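Coordinates in review
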Amino acid sequence: MAKEVIPVTPEERKEIHRAYRRMVNGVEPKMNEEDRTMVRKAYELAVKAHSKQRRKSGEPYIFHPIEVARICSKNIGLGPTAITSALLHDVVEDTDVTLEEIRDMFGMRVEKIVDGLTKLDGTYKAENMQAENFKKVLSTLVEDVRVSLIKIADRLHNMRTLGSMPRHKQLKISAETEFIYAPLSHRLGLYSIKTEFQDLCFKITKPNTYARIEKQLAETERERSIYIKKFIKPLKKVFDELGIPYRVFGRSKSINSINNKIKTKHVSFDEIYDIFAVRIVVDVPKEEEKGVCWKIYSLVTDVHKPIPERLKDWVTTPKSNGYESLHTTVIGPDGRFVEVQIRSERMDEIAERGFAAHWKYKGVKGASGKKGEKDVYEGFFESIRDVLESPNADALEFVSDVKTNLFQEEVYVYTPNGDMKVMPKGATALDFAFTIHTEVGVRAKAIMVNDKLVPMGHELRNGDQVRVQTHKNQKPTENWLKLVITGRAKSKIRTAIKEEEKKIAAYGREAVQRKFNQLKINGLDTNVDKITKFRKYPSHLNFYADIAADKIAINDVLKDFEVEGGLLVLKEAKKTTEVIAPERTLPSNKKGSKGKLLIAGENANQYDFQLANCCTPVQGDDIFGFLTTGAGVKIHRSACPNATNMMANYAYRIVKAEWAGGAESEFIVNIKITGIDDGPGVIEKITTAISSGLGINIRSFSISGDEGYFEGKIGLLVANKDQLNIAIKNLKDLENIMHIERDDIEL
Ligand code: MN
C-alpha cells in the first residue's frame, strides 16, 4: 500500500506527533515508565522506517500504524506489547528493518507477533485464495490471539480508508473482510468492530442502498429520540429509587442489520420496530450483577408490558463468544415494540471489546465461575485446532467446517446428567456424541433424544436431553461425515476412518512383503511403486488395503511383472507364476510359564511362544496360534479383533492351540467398563462386584469421568476363564454399567 514520494513536511511531522500523543494518552490503564519507553522506541523506529512512504490517499504512511495501535488500545483493550507490535506491524514487510533488529530492541514477544503479522500479510498477495488465507489467519489465532486482534485492527483502518483505492481492489478487500474478518470479530466478541466491518462492506458493495438507509435514519432521528425519551422517563423514576449507578440510552441498529431486516422480513424501513434498542447498564459488583439485572427486568416490565417469548437470558448462560446480556422486547408508548438490553458495566465492556475485556475480567476474578466449566474461548480455540489438525480436509471443506463453528447461532442441549452443552445451530445427535468424548462419538450406536431413539443425523433443538449408547464394534464410515456439522466431529471421524484404513493396510503390506521375500524381490517401496503406477493406485496405502480386503490377489498383480535381479519389471505377455507357500520352520526355544498350553498338539514350551497383547488370553479361552515372521508363535483368542484378518489372509500360518488343563498360573486381563456415573460410591460398587468372594486380584484400576459418563480401566489377575466370567457377570449386574470390554472386545 506504500509508494515512495515526497518526504514528510515539518507541518506533517507535527501532525504525526499529535496523533501519536493522542494514541498514547488514550491508553487505559495508564502505562508505566518502562512500557512508555518501549512504545516510544517503537514509534520512533516506525517513523524513521516509513519516512519515505505515503498511503494512496497521499498522507504519510506512519499515520496508519499509529491508528492501528490506537484501535488496538481503545477498541480492543490491548496492552503495551500489542501497541508496540501494532506500531511496528508493517516495518518488516515494507521497509529495511529486520526481525533481528526488532528482537534486539523489543524482545522475543514483539518479534513473534510482528513476524506473525508479516507472514499473514504475505499470504494476501495470492489472488482468489481466500480459503488458504482463512486457514493462515486461524493458525495464527490459536498461536497468539494478539496477532489476529492486531490484524483485525489493521484491516479496520484499511477498510475505513479504502476510498482512495481503485474500485476492483475495494471490492476484493471488502469481500475478504466479509468472509474472514467480520465473522472472526464476531466470534471474538468484538461486536462494535464486527458491526463497523459489515457497514463498511455494505457501503462499498451497495453504495446506493446504504446511502438511502443512512438518509432515512437521519431523517427519523429527531422523532426517534423524542420517543426514546418518552419510553425512558417513567423508568428513570423507578431506577433512581434503587440507589444503584446506571446509564440508560437508546441506540440505533447498524445500517447493515436494518438492511437485513428489510430484506428478510420483506418490510419497509418504517415498518421495522427494532431500528433501535434501549440499553440499561448498571454499575454493580460482579456478585450482584445477576440479581440486579433481573430486578431491572422486573421494573421495566412493570412499566412496559413484555412479550415473554422474546426474553433472552445470556446472563445465566453467556453466548459462546462471551456475550452476556438480558434481552427482552416490551410494548412501549403508542403500542410500539421496543427491544430492551439489560447488563452490567462489565458485561457492556465485554460486549464492546470482546476477547481482551473477557480475559481482563477473567484475570481479575480467577477461574470462570462454575467448577469444571470450560472457558468460552478455550472451547472455540479447541474446535479451531481440531479442524486445523483434521486430515484430508481440503481448503474449501476446511472453510465450511470453520464457518459452521464461527457463524452459527447456538442451541443448548443437555447430557443425561443435566449438564448443558452449547452446540452450533444445526448440530446433530452424532455431533453431540463427539462433544462428550471422541470414544463415545466413534462408538456411538444408538442415540436417544428426550428418551426417544433418533437417527444419528437428527438435528438437535434447544432443551433436548441426549443420551448416547455405544458399542465397541461400531466404526465410523464415510457416510457419517454427512451426519455431522461440527468441525470437531468431522475431524475425529476422518481420523478414525484413516486409522482403520491404516490398520487394514498393514495386513496387506505384510502379505506383499512376504511375497516379495519368497520371490527374492528387494525393496518393498520401490517395487510397490511400480505396481501402484501400473494399476493407477493413488497411494501405496490404497493398494495394501485392496490386498488386505481380498479385492485383488497379489499373485494376479504379479502376473504383469517379471523379476529381474531382485526387481519387478513390467512385461507384455502374461505368464502365470506359481507361488509356493513358505515352509514352516518352528523355532524350539523354551519359554513361557503362562499356564499349560499345547501348540499343534505338543507341549508349547518347545516353541518360542507368547500370549498376544492385543487380546491377552487366559486359561480357558478359545485360542489359536499364529506363526509370526520374527517373534515365534503368538497365542490369540479366537474372539480377537484381529482374528478374522489373520485367518482370512494367513490361513496357512494358523496353528492349533489349546489349554492343557490345570491352573497354576495367573493371567493378566484388561477390562474396560463404561457407565453412567450415578454419584459417589461408584468405585466401591465396581471393586466389590469384582472381588466379592472370588479372590480375584485387582492389579490396576483407573477411572475417569466426564459429563456423567465414566470410563474405568481395570487390570485383573485371574487363574482361568471361569473366574473371569464370574467377575464379568457381577459387573454386568450393576445397574449403571452400560458396556464392558475385555481387550477391545465387547462382552
Ligand atoms: Mn497495515
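So, here is what we can say about the structure in this document. (Residues numbered from 1 in each chain as written. Predicted model: local features only at pLDDT ≥ 70, side-chain atom pairs only at ≥ 80, totals over all residues. Heavy atoms only, no water.)

Of the regular secondary structure elements, the chain holds 28 helices and 26 strands. Looking at the chain residue by residue over its 747 residues, the buried ones come to 48%. Taking as baseline every contact in the chain between residues at least 6 positions apart, the subset at least 24 positions apart corresponds to 65%. Total accessible area on the chain stands at roughly 36700 Å², and carbon and sulfur atoms take up 51% of it. (Helix = DSSP H or I, 4+ residues; strand = E, 2+ residues; numbered from the N terminus. Buried < 20%, exposed > 50% of the residue type's maximum accessible area, 1.4 Å probe, protein only. Contact = heavy atoms within 4.5 Å. Areas by Shrake-Rupley, 256 points an atom, 1.4 Å probe, with all protein chains shown as cover.)

Here the manganese ion is held by His64 (NE2), His89 (NE2), Asp90 (OD) and Asp154 (OD), and the distances to it run 2.2 to 2.4 Å. The motif formed by the donor residues of the manganese ion, counted along the single chain, is H-x24-H-D-x63-D. Taken individually, histidine 89 and aspartate 90 each receive the classification buried, so the pair is uniform in this respect. (Donors = N, O, S within 2.8 Å, 3.2 Å for Na, K, Ca; no water.)

Judged by nonpolar contacts, the single largest core of 69 residues is most densely connected at Met23, Ile66, Leu88, Ile102, Ile150 and Leu188. Ranked by residue count, the leading element in this core is helix 9 (residues 145-160), at eight residues. Sequence-distant contacts of leucine 88, that is, excluding residues within four places in its chain, are made with Ala42, Leu45, Ile102, Phe106, Val110 and Val114. Leu627, Phe667, Ile728 and Leu734 belong to the second-largest nonpolar core, a separate cluster that totals 34 residues. (Core = buried A, V, L, I, M, F, W, Y, C linked by side-chain atoms within 4.5 Å.)

In this section: helix 3 (residues 63-74). The end-to-end C-alpha separation of helix 3 is 16 Å, in line with the 16 Å expected for 12 residues at 1.5 Å each. All buried positions along helix 3 are accounted for by Phe63, His64, Pro65, Ile66, Glu67, Val68, Ala69, Ile71, Cys72 and Ser73. Those residues of helix 3 that are buried lie in contact with helix 1 (10-25), helix 2 (33-49), helix 4 (80-87), helix 9, helix 11 (191-205) and helix 16 (345-353). (Expected span 1.5 Å × (residues − 1).)

For the rest of this paragraph, the subject is a negative patch on the surface. A cluster of acidic residues, Asp96, Glu100, Glu101 and Asp104, forms a negative patch on the protein surface. Relative to the elements of secondary structure, glutamate 100 occurs in helix 6 (residues 99-106). (Patch = residues over 30% accessible without salt bridge, like charges linked within 9 Å, V, L, I, M, F, W, Y side chains within 5 Å. Salt bridge = Lys/Arg side-chain N within 4 Å of Asp/Glu carboxyl O. Lys, Arg positive; Asp, Glu negative; His and termini not counted. Charge placed at Lys NZ, Arg CZ, Asp CG, Glu CD.)

Strands sit in the order 12-11-13 across an open sheet of three strands; the sheet is antiparallel. The outermost strands of the open sheet, each flanked by one partner alone, are strand 12 (452-454) and strand 13 (466-470). Looking at each pair of strands side by side, their axes are set apart by 35 degrees on average, direction ignored. Alignment of strand 11 (residues 444-449) against strand 12, held across three bridges, turns out to be antiparallel. Its bridge partner being in strand 12, valine 449 is matched across the sheet by lysine 452. Packed on one face of the sheet, helix 20 (residues 429-436) meets strand 11, strand 12 and strand 13 and runs near 110 degrees to strand 11. (Pairing = 2+ DSSP bridges. Axes fitted to C-alpha atoms, helices over the stretch in contact; angles between N-to-C directions.)

This paragraph deals with the pairing of strand 24 (residues 709-718). Residues in a regular strand point their side chains to alternate faces of the sheet. The element strand 24 is extensively covered by neighbouring structure, given that eight of its 10 residues are classed as buried. In the sheet, strand 22 (residues 667-676) pairs with strand 24 via 10 bridges, with the strands oriented antiparallel. Within the sheet, the bridge partner assigned to valine 669 lies in strand 24 and is leucine 716.

On to the sheet that holds strand 18 (residues 609-611), then. Within a sheet, neighbouring strands are paired by backbone hydrogen bonds and run either parallel or antiparallel to one another. On the basis of which strands lie adjacent, the open sheet formed by six strands has the order 17-16-21-19-20-18 and mixed pairing. Unpaired on one side and paired on the other, strand 17 (602-603) and strand 18 mark the two borders of the sheet. Strand direction decides the pairing type here: strand 19 (residues 623-627) and strand 21 (residues 654-659), joined by three bridges, are antiparallel. Counterpart to glycine 625 in the pairing with strand 21 is valine 655.

Here the focus is the side chain of aspartate 348. Topologically, aspartate 348 is positioned in helix 16. Once residues lying within four places of it in the same chain are set aside, the contact partners of aspartate 348 are Arg247, Arg279, Val281 and Arg343.

For any two aromatic rings, the description comes down to two numbers: the centre-to-centre distance and the angle of the planes. Summed over the entire model, instances satisfying the criterion amount to 10 aromatic pairs. On the basis of an interplanar angle of 65 degrees and a centroid distance of 6.2 Å, the ring pair of tyrosine 227 and phenylalanine 276 is categorised as edge-to-face. Of this pair, tyrosine 227 sits in helix 13 (residues 221-242) while phenylalanine 276 sits in strand 4 (residues 276-282), and the two are 49 residues apart along the sequence. Across the pair, phenylalanine 276 and tyrosine 227 agree in class, each one buried. Centre to centre, the rings of phenylalanine 534 and phenylalanine 561 are 5.7 Å apart; their planes meet at 80 degrees, and the pair counts as edge-to-face. Taken together, the residues phenylalanine 534 in helix 23 (residues 524-534) and phenylalanine 561 in strand 14 (residues 561-564) connect sequence positions 27 residues apart. Residue classification places phenylalanine 534 among the partly exposed positions, given a relative accessible area of 37%. Taken together, Tyr191, Trp314 and Tyr323 form an aromatic cluster joined through their ring pairs. The cationic tip of lysine 41 hangs over the ring face of phenylalanine 106; the distance from NZ or CZ to the ring centre is 5.5 Å. Taking the ring centre of tryptophan 314 as reference, the NZ or CZ of lysine 319 above it sits at 4.3 Å. (Phe/Tyr/Trp six-rings, centres within 6.5 Å; stacked < 30°, edge-to-face > 60°. Lys NZ or Arg CZ within 6 Å of the ring centre and 35° of its normal.)

Moving on, we come to the pattern of salt bridges. Scanning all chains against the criterion turns up 36 salt bridges. In this structure, lysine 472 engages glutamate 439 in a salt bridge whose closest nitrogen and oxygen atoms are separated by 3.6 Å. Of this pair, lysine 472 sits in the loop between strand 13 and helix 22 (487-518) while glutamate 439 sits in helix 21 (residues 438-442), and the two are 33 residues apart along the sequence. Lysine 472 sits in the buried class, given a relative accessible area of 10%. We note a salt bridge from glutamate 741 to lysine 472, for which the minimum N-O separation is 4.0 Å. Taken together, the residues glutamate 741 in strand 25 (residues 737-742) and lysine 472 in the loop between strand 13 and helix 22 connect sequence positions 269 residues apart. Each member of the pair, glutamate 741 as well as lysine 472, carries the same accessibility label: buried. Salt bridges sharing common partners tie together Arg247, Arg251, Arg279, Arg343, Glu345, Asp348 and Glu352.

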